[in-house]
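Chain by chain, the residues:
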Amino acid sequence: MQLLSIFFMATIWSCWGAQESEGFIPKKLIKKPPAIDDTAFHRRRALDKEDGGQVIADPDADGDPHGRLATWIRSHARHHIPLKHPHTRIDVFISAGLYQIVDLDQRNNLATVSAYLDVHWNDDFIKWKPEIFGGIERIFVPIKWIWKPEFYMYHSVYGRVPDYAPDASAELHYNGLVRMFVSISSKSFCPINFKRFPFDSQTCSFSCGSWAYQSNIVNLVAAKQEIALEDFYDNQEWLLTDARLFNGTTRNVSAANESFSMVYMQLDLKRQSFYYVFNLVFPTTLVSLVAVIGFHAPINATGRRESKFRLGIMTLLSMSVMLLMLVGEMKFAMESVPGQRGSFSDVPLMGIYYMTLICIVSIATCTSSIFVHLEKFALRNPSWQSVPWYIRWLAAKKLFCCYVPKSFRYDKDAYSRNNNVQAISLHSTPDRNVAKNLIPKEINFTEVNQDAPLHDVLEGPSAEKTQKIDLIVSLLREIIHLKERIGASGQLAPYWDQIISRCEKVSLSFYLFLITINVLMFLYPELWY
């Protein structure tokens, strides 16, 4: 019996030791853990319940209101479109500013601008109460945390989508207002009309809008039409006259009821024409004036007009070179018809001006050839009867509005040939004086009676007769040669000279009038073109 009680107590002791080694501890040996102060945790839970019901991920940000607000915004912001109701839309308000008109490619109809967009909209998911976050009403957060509207540059060949910097920030307000600045550098199509070059004005439009969101989901609204120009840099060739921002929509061709909202900048540009006037217009006009005046003035001392053709050809060549320089600066405006080839609709004003000057110089060259032909005709036919009847009135001493009084007209009988004259006195002719100078001094002809017949002069010894005959023959040859030189010198009759000079004056006045009209029409194209 005693042995049975000892075995029973040993068994109980071994079981108690096994339970202690396996982790079973009696209640009197278990100690309670210290109490945890979870007041801050419950306070954060209360704040989150008031502002959306989500727990802030960083409990250590209680001492930094900005960090706590930034953490809250990051956890509440949406990367997709922030719409709480499916039938609502987001209105995105846009203002624009212009930096510079970088380039205007006139041959390819491309315009490059540098600008920026001031964009703001409301996001209902990131509203907070300033008194909860230390009175903070505005904060700047990375733009990659929030949703932002897309801006696609329509009709652009470069810079279609703005490139956001990795460290770009957005401005957030406590009422859900989100504001950011979008920098744009785009090269877009701009149809250029050269009709009034170089006094032309161009209008270029730069449109941007949503590519994926329809207008009933995202609506782009121009906050104000005026574009900010405080930081604008002028272009050397183009002068900005007006800059506006307008609303617009574009429709999908495949879906008639589908439209996309957009805004577009409209820039009105005016070309600064001083460069072209000084380098192209002024030299060409001066060359034309010199050529026209040179056509109607004697080139050399003898008054002959044959060398004027070279002046006309050189003038036309110089104007052709200037026209080639002009072709590099402009092109014809083409009217584009969808599905068809373009057709030339407007000829540039500068082209019309150049072609008009070339035509004037060409016609003046032809007129100069007429005067040369008339001069040669006058040298071959110096008599009054050879003057055409329709230009005889130009031979008058004075002209009164193209009417020639009878008292000022030349009498054609005064220039008619008298066939009844039997002998011509040599005392008053220039041939007589020249002949006297050609007579050798060692031979005395004063003793010869000049009125005596020739057979009386030749009487005498045979040697003396032969000497006298040879002298007379040599004198006659010298006189004939002298007359040929006088005729070749181009001495015109007075009436012929007066007729040709007056024709040249009328022609010069006419061409100067044409050049003046051409210059005035070029400077004031709005009156006629």
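Residues numbered from 1 in each chain as written. Predicted model: local features only at pLDDT ≥ 70, side-chain atom pairs only at ≥ 80, totals over all residues. Heavy atoms only, no water.

1. Let's talk about the overall build of the chain
- Along the chain, the regular secondary structure elements total ten helices and 13 strands.
- In the form shown here, the chain has an accessible surface area of approximately 33900 Å², with 59% of it arising from carbon and sulfur atoms. (Helix = DSSP H or I, 4+ residues; strand = E, 2+ residues; numbered from the N terminus. Areas by Shrake-Rupley, 256 points an atom, 1.4 Å probe, with all protein chains shown as cover.)

2. Re the UniProt feature "transmembrane region" (unreviewed entry) in the chain
- Within this numbering scheme, the UniProt entry marks residues 274–299, 311–332, 352–374 and 506–524 as carrying the feature "transmembrane region" (unreviewed entry).
- For the annotated span residues 352–374, helix accounts for 100% and strand for 0% of the residues, and the straight-line distance between the end C-alpha atoms is 33 Å.
- What you have in residues 506–524 is 95% helix and 0% strand, and the ends, taken at the C-alpha atoms, are 27 Å apart. (UniProt positions renumbered as here; feature names shortened; annotations may be inferred.)

3. What to know about the packing of aromatic side chains
- Taken as a whole, this structure holds 20 aromatic pairs when the rule is applied.
- With 6.4 Å between their ring centres and 55° between their planes, Tyr116 and Phe181 make a pair best called tilted. One end of the pair, Tyr116, is in strand β2 (residues 110–122); the other, Phe181, is in strand β7 (residues 177–189), with 65 residues separating them in the sequence.
- Both rings, one in Tyr154 and one in Trp211, keep their centres 6.4 Å apart while their planes meet at 40°; by these two values the pair is tilted. Remark: Trp211 occurs in the loop between β8 (201–209) and β9 (218–222) and Tyr154 occurs in the loop between β4 (152–153) and β5 (156–158); sequence separation between them is 57 residues.
- Using a relative accessible area of 12% as the deciding quantity, one classes Tyr154 as buried. (Phe/Tyr/Trp six-rings, centres within 6.5 Å; stacked < 30°, edge-to-face > 60°. Buried < 20%, exposed > 50% of the residue type's maximum accessible area, 1.4 Å probe, protein only.)

4. Some points on the environment of Asn235
- One can find Asn235 in the loop between β9 and β10 (238–251).
- Looking at Asn235, the relative accessible area reads 14%, which means it is buried.
- Considered as a pair, Asn235 and Gln100 are 135 residues apart in the sequence and their alpha carbons are 7.3 Å apart.
- Beyond its immediate sequence surroundings of up to four residues, Asn235 is in contact with Ile101, Val102 and Gln272. (Contact = heavy atoms within 4.5 Å.)

5. Here we look at the nonpolar core
- Counting residues in each nonpolar core, the largest one holds 81 residues, and the members touching the most others are Ile73, Ile94, Leu117, Phe151, Leu172 and Leu267.
- Counting residues per element, this core draws most heavily on helix α6 (residues 349–380), at nine residues.
- Residue-level mapping places this core at the junction of two domains, with at least three residues from each of domain 1 (65–271) and domain 2 (276–386 + 508–527).
- Dropping the residues within four chain positions of it, Leu117 is found in contact with Ile94, Ser95, Ala96, Phe151, Met180, Phe181, Val182, Ile184 and Cys208. (Core = buried A, V, L, I, M, F, W, Y, C linked by side-chain atoms within 4.5 Å. Domains from an automatic or database assignment.)

6. Quick word on the state of the cysteines
- This model, assessed by the stated rule, comprises one disulfide.
- Each disulfide pairs two cysteine sulfurs, and for Cys190 the partner residue is Cys204, the sulfurs being separated by 1.9 Å. Looking along the S-S bond of the Cys190-Cys204 disulfide, the torsion reads about -75°, which is the left-handed sense. You can see Cys190 sitting in the loop between β7 and β8 and its partner Cys204 sitting in strand β8, a full 14 residues away along the chain. We note that Cys190, like Cys204, is buried. (Disulfide = S-S within 2.5 Å.)

7. Here's the deal with the packing of helix α4 (residues 274–295) against α6
- Relative to each other, α4 and α6 sit at 15°, their axes nearing to 9 Å. Considered as vectors, α4 and α6 are oriented roughly parallel to each other. The two elements α4 and α6 cross, and the hand of that crossing is left-handed. Each of Tyr276, Leu280, Val281, Thr284, Thr285, Ser288, Val292 and Phe295 in α4 lies in contact with α6, whose residues at this interface are Met350, Tyr353, Tyr354, Leu357, Ile360, Val361, Ala364, Thr365 and Ser368. (Axes fitted to C-alpha atoms, helices over the stretch in contact; angles between N-to-C directions. Parallel < 35°, antiparallel > 145°, perpendicular 65-115°, else oblique. Left-handed = near helix turned anticlockwise from the far one by under 90°.)

8. Comments concerning empty space enclosed by the protein
- If you walk through the whole model with that rule in mind, you get one cavity of 30 Å³ or more.
- There is about 50 Å³ of room inside the largest cavity.
- In terms of lining residues, the largest cavity is bounded by Leu117, Met153, Ile184, Phe206, Cys208, Leu245, Val263, Tyr264 and Met265.
- Taken together, the elements giving at least two residues each to the lining of the largest cavity come down to β8 and β11 (259–271).
- If you tally residues by element for the lining of the largest cavity, the top one is β11, at three residues.
- Of the residues belonging to the lining of the largest cavity, the class tally is nine nonpolar, no polar and no charged. (1 Å grid on protein atoms, 1.4 Å probe; cavity = no way out; pocket = protein on both sides within 12 Å on 5 of 7 lines; lining within 4 Å. Points joined across faces, edges and corners; volume = space filled by probe spheres on them. Nonpolar A, V, L, I, M, F, W, Y, C, P; charged D, E, K, R; others polar.)

9. Some points on the environment of Asn193
- Along the chain, the position of Asn193 falls in the loop between β7 and β8.
- Given the relative accessible area of 34%, Asn193 is considered partly exposed.
- Within polar-contact distance, the side chain of Asn193 engages the backbone nitrogen of Lys195 at 3.2 Å. (Polar contact = N/O pair within 3.5 Å; in protein donor to acceptor, adjacent residues only side chain to side chain.)

10. Some details on the sheet that holds β11
- The strand order β4-β8-β11-β10 describes an open sheet built from four strands, whose pairing is antiparallel. The open sheet terminates on both sides in strands that have one partner only, identified here as β4 and β10.
- As judged from the nine bridges shared by β8 and β11, these two strands associate in the antiparallel manner. Directly across from Gln202, in β11, lies its bridge partner Leu269. (Pairing = 2+ DSSP bridges.)

11. A look at the pattern of salt bridges
- The final tally for this structure, using the stated rule, is eight salt bridges.
- Across the pair Glu237 and Arg271 runs a salt bridge, and its minimum N-O distance is 2.8 Å. Placement of Glu237 in the loop between β9 and β10 and of Arg271 in strand β11 is noted, with a sequence separation of 34 residues between them.
- The exposure class assigned to Arg271 is buried, which follows from its relative accessible area of 3%.
- Here Arg244 ties to Asp242 by a salt bridge, and the two come within 3.4 Å at their closest N and O atoms.
- The exposure class assigned to Arg244 is partly exposed, which follows from its relative accessible area of 28%.
- Judged by relative accessible area, Asp242 falls into the partly exposed class, the value being 29%.
- Each member of the salt-bridge network shares a partner with another, and the members are Asp200, Glu237 and Arg271. (Salt bridge = Lys/Arg side-chain N within 4 Å of Asp/Glu carboxyl O.)

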